[in-house]
Amino acid sequence: MAEQNMYEAECCEEHLIHNELLQKVDGKMPDEQEISDLSDLFKVFGDATRLRILFVLFESEMCVCDLAEVLNMTQSAISHQLKVLKQSKLVTNRREGKSIFYSLADSHVRSIIAQGRDHIEEDIKK
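Residues numbered from 1 in each chain as written. Predicted model: local features only at pLDDT ≥ 70, side-chain atom pairs only at ≥ 80, totals over all residues. Heavy atoms only, no water.

Draft legend 1. Structural view of the pairing of strand β3 (residues 99-104). Sheet topology places strand β1 (residues 62-63) next to β3; two bridges connect them, and they run antiparallel. By the bridge assignment for β3, Met62 is matched with Tyr102. Two strands pair when backbone bridges link them, and strand β2 (residues 91-96) and β3 are joined in this way by six bridges, in the antiparallel orientation. Looking at the pairing, Val91 lines up with Leu104 of β3. As consecutive antiparallel partners, β2 and β3 are separated by two residues, and within that stretch Gly97 has a phi angle of approximately 65°, a positive value. (Pairing = 2+ DSSP bridges. Helix = DSSP H or I, 4+ residues; strand = E, 2+ residues; numbered from the N terminus.)

Draft legend 2. Broad picture of the side chain of Thr49. Looking at the element boundaries, Thr49 is found in helix α3 (residues 48-59). Exposure remark for Thr49: the relative accessible area of 18% places this residue in the buried category. In this structure Thr49 touches Met73 and Gln81, once residues within four positions along its chain are discounted. (Buried < 20%, exposed > 50% of the residue type's maximum accessible area, 1.4 Å probe, protein only. Contact = heavy atoms within 4.5 Å.)

Draft legend 3. Structural context of the pattern of salt bridges. Throughout the structure, instances matching the rule amount to three salt bridges. For the salt bridge of Asp40 with Lys43, the shortest nitrogen-to-oxygen distance reads 3.8 Å. Residue Asp40 and its partner Lys43 are both found in helix α2 (residues 32-44); the two are separated by three residues, about one turn of the helix. What makes Lys43 exposed here is its relative accessible area of 53%. Of the charged contacts, one joins Glu96 and Arg94 as a salt bridge, the two residues approaching to 2.8 Å between their closest N and O atoms. (Salt bridge = Lys/Arg side-chain N within 4 Å of Asp/Glu carboxyl O.)

Draft legend 4. Examining the packing of aromatic side chains more closely. Overall, the coordinates contain one aromatic pair when judged by the stated rule. Relative to Phe58, the ring of Phe55 lies with its centre 5.1 Å away and its plane at 70°, an arrangement referred to as edge-to-face. On the criterion of helical spacing, the pair formed by Phe55 and Phe58 is a turn pair, its members being three residues apart in helix α3. By relative accessible area, Phe55 is classed as partly exposed at 32%. (Phe/Tyr/Trp six-rings, centres within 6.5 Å; stacked < 30°, edge-to-face > 60°.)

Draft legend 5. How the structure looks around a nonpolar patch on the surface. Together, Val25, Met29 and Ile35 line one region of the surface with nonpolar side chains, adding up to about 280 Å² of accessible area. Within the secondary structure, Met29 is located in the loop between α1 (19-25) and α2. (Patch = residues over 30% accessible without salt bridge, like charges linked within 9 Å, V, L, I, M, F, W, Y side chains within 5 Å. Areas by Shrake-Rupley, 256 points an atom, 1.4 Å probe, with all protein chains shown as cover.)

Draft legend 6. Spatial organisation of the packing of helix α4 (residues 64-71) against helix α5 (residues 75-87). Between α4 and α5, the shortest axis-to-axis distance is 9 Å and the interhelical angle comes to 110°. Regarding the angle of α4 to α5, the classification is roughly perpendicular. Judged by the sense of rotation from one axis to the other, the crossing of α4 with α5 is right-handed. Residues Val64, Cys65, Leu67, Ala68 and Leu71 of α4 touch α5, and the partners they reach there are Gln75, Ile78, Ser79 and Leu82. Its residues assigned to classes, the contact of α4 with α5 shows seven nonpolar, two polar and no charged. (Axes fitted to C-alpha atoms, helices over the stretch in contact; angles between N-to-C directions. Parallel < 35°, antiparallel > 145°, perpendicular 65-115°, else oblique. Left-handed = near helix turned anticlockwise from the far one by under 90°. Nonpolar A, V, L, I, M, F, W, Y, C, P; charged D, E, K, R; others polar.)

Here you go:
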């Protein structure tokens, strides 16, 4: 028998339906709209630039100029990513004179990223 790649999913050797497991799951699945919304949220976290912006905002609220400086990017590029983060309700902003300051929308943002970091660090500790 050939050695199987550790990342390749293994399949059942025979087709057998476990009705007691199906009954346990039945009715617990979120509806398609909730699944779609959740998928869209996780896609937002799938961009390295957006994650870098969020990590900066963990430390302090910042205006677009400051974010562009600390991340060595253009204001236009930062502004584009902030729009996506704001549409996903991950950041919020406030006006102070001529400046717009961005901050994390709530503690859930920090929790989601902390959970992700914990998950990837499990492999490192093994």
